[in-house]
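Residue-level listing of the chains:
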Amino acid sequence: MSTAADDRSASVRRKRAVASVAFIGLLLLSVSWPMPVVLLNEATFDTALPLHDKSFLGREAPSWDVVFWCLAGLYALAVIHFRADDARRSSRDFVNDIRTAGPRMAAALRDLRPVRVFSVLLAGAVLTGLIWLFVDAWLYLEGDGLRVEWPRQVVRHLNRLGGGMNPGMIVAFFALVGIAFSQPRWPRYAIAMAGGGLVAGIAVQILKLFVNRARPELWYGPFFFADSTSTSFPSGHTAGAFALAGVLVFGSPSIAVRLAAFAIAGGIGLSRVIVFRHWPSDVVAAAMIGLFFAWFFTRATVHEGKNGAGTAAG
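Below you will find a few notes about this structure. (Residues numbered from 1 in each chain as written. Predicted model: local features only at pLDDT ≥ 70, side-chain atom pairs only at ≥ 80, totals over all residues. Heavy atoms only, no water.)

Looking now at the overall build of the protein. For the protein, the count of helices and strands is 14 helices and zero strands. Helices (α) and strands (β) of the protein occur, in sequence order from the N terminus, as α-α-α-α-α-α-α-α-α-α-α-α-α-α. In the protein, which comprises 314 residues, the proportion classed as buried is 41%. Long-range pairs, those at least 24 residues apart, make up 78% of the contacts in the protein with a sequence separation of at least 6. When the accessible area of the protein is evaluated, it comes to approximately 17,200 Å², of which 69% is carbon and sulfur surface. (Helix = DSSP H or I, 4+ residues; strand = E, 2+ residues; numbered from the N terminus. Buried < 20%, exposed > 50% of the residue type's maximum accessible area, 1.4 Å probe, protein only. Contact = heavy atoms within 4.5 Å. Areas by Shrake-Rupley, 256 points an atom, 1.4 Å probe, with all protein chains shown as cover.)

Mapped onto the elements of the fold, Gly197 is located in helix α10 (residues 185–211). For the pair Gly197 and Gly290, spaced 93 residues apart in the sequence, the C-alpha separation amounts to 7.2 Å. In this view, Gly197 contacts Ala243 and Leu244; residues no more than four positions away in its chain are not counted.

What follows is about the packing of helix α9 (residues 166–180) against α10. Packing of α9 against α10 leaves a shortest axis separation of 7 Å and a crossing angle of 155 degrees. Considering the angle they form, α9 stands roughly antiparallel to α10. The hand of the α9/α10 crossing is left-handed. Facing α9, whose interface residues are Ile170, Val171, Phe173, Phe174, Ala175, Val177, Gly178 and Ile179, α10 presents Trp186, Pro187, Tyr189, Ala190, Met193 and Ala194. Each residue belonging to the contact of α9 with α10 can be placed in one class, and the counts come to 13 nonpolar, one polar and no charged. (Axes fitted to C-alpha atoms, helices over the stretch in contact; angles between N-to-C directions. Parallel < 35°, antiparallel > 145°, perpendicular 65-115°, else oblique. Left-handed = near helix turned anticlockwise from the far one by under 90°. Nonpolar A, V, L, I, M, F, W, Y, C, P; charged D, E, K, R; others polar.)

A complete count under the given rule lists 13 aromatic pairs for this structure. Considering the side-chain rings of Phe23 and Tyr75, the 6.2 Å spacing of their centres and the 45 degrees angle between planes classify their relative orientation as tilted. Linking Phe23 in helix α1 (residues 4–32) with Tyr75 in helix α3 (residues 62–81), this pair joins segments that are 52 residues apart in sequence. When its relative accessible area of 7% is taken as the criterion, Phe23 is described as buried. A relative accessible area of 14% means that Tyr75 is categorised as buried. (Phe/Tyr/Trp six-rings, centres within 6.5 Å; stacked < 30°, edge-to-face > 60°.)

Our next topic: the packing of helix α12 (residues 236–251) against helix α14 (residues 280–301). α14 packs onto α12 with a crossing angle of 40 degrees between their chain directions and a minimal axis gap of 7 Å. Between α12 and α14, the angle falls in the class oblique. By crossing handedness, the relation of α12 to α14 is classed as right-handed. Listed contacts from α14 to Thr238, Ala239, Phe242, Ala243, Gly246, Val247, Phe250 and Gly251 of α12 are Val283, Ala286, Ala287, Gly290, Leu291, Ala294, Trp295 and Thr298. Residue classes in the contact of α12 with α14 are distributed as eleven nonpolar, five polar and no charged.

Now for the pattern of salt bridges. If you walk through the whole model with that rule in mind, you get three salt bridges. With a shortest N-O distance of 3.1 Å, Asp97 and Arg188 are connected by a salt bridge. A residue pair is termed long-range when its members are at least 10 positions apart, and Asp97 in helix α4 (residues 87–99) and Arg188 in helix α10 qualify at 91 residues. The two residues Asp97 and Arg188 agree in class, both being buried. Here Asp282 ties to Arg213 by a salt bridge, and the two come within 2.8 Å at their closest N and O atoms. On the criterion of sequence distance, the pair formed by Asp282 in helix α14 and Arg213 in the loop between α10 and α11 (216–220) is long-range, its members being 69 residues apart. Residues Asp282 and Arg213 agree in their burial class; the two are buried. (Salt bridge = Lys/Arg side-chain N within 4 Å of Asp/Glu carboxyl O.)

Attention now goes to the side chain of Asp136. Along the chain, Asp136 falls in helix α7 (residues 136–143). Residues contacting Asp136, with those up to four places away along its chain left out, are Ile131, Arg213, Trp279, Pro280 and Ser281.

One can find His278 in the loop between α13 (255–274) and α14. Among the polar contacts listed, one links the side chain of His278 to the backbone oxygen of Ser232, at a separation of 2.8 Å. Not counting residues up to four positions away in its chain, the partners in contact with His278 are Tyr140, Lys208, Arg215, Pro216, Ser232, Pro234, Ser235, Gly236, Arg272, Val273 and Val283. (Polar contact = N/O pair within 3.5 Å; in protein donor to acceptor, adjacent residues only side chain to side chain.)

What follows is the structure, encoded as structure tokens:
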């Protein structure tokens, strides 16, 4: 015989599932934006719009981006409206987690074993060097004649998923839904993702300045595929993708979530190679950077709470 507490818990789980599915839809909308507007216009008004198939969220059509952010705002309001009764306590816990993040990071840093860290860095450097020497040029030369048209839309959307505002939206989703539905582990995911993504991004930019490697498109010839805007090694998109996905890989108790997160991050990294924006070694190095910082921040935030609120299922 179910109790009122059991019924309430089941209701919260259902609402959380609905919020998660709705967010996936919002994320898919963000990577395809503003094409839904273009398709709707073609089916109804057929008015000349300053949009084309290469426009994307945050670029070329900022006036239409307002429509998307209004939809994102409605999603946030809906989540807040259906929040659990004790969301206020979850908010206090989240604020406390942020306030104590610094000391916990420092403690986790002190607990690192230098020999193990050095061993991991050395192994990563050796692997990256081998791929750089024996795989990068060979792979592009062998694959040059195999380019086909059909994967381009998939690759384009994966590239968008790994850049722009989407990483920030993912962080905000875990914070908002975790607080609203009293899932203490989820806001900690958000903290770890934000920290890991930020530090990984800084590390990538520093390495880019020192290595100063040309992109593959310039190896084929000036602007073979796309305009060059920065140096190649390592891949910022990939580092960010693995920094966020790595938090779920190291922190989620769900094997399905871990596999899905790793597969999506891997797809983003692969897409950077397919569009000639990065060498394979750029992507491998960036993935290791992202995973390392994801592991560190997950260890310092998500797992730190195992004896307390952090034991909630996530």
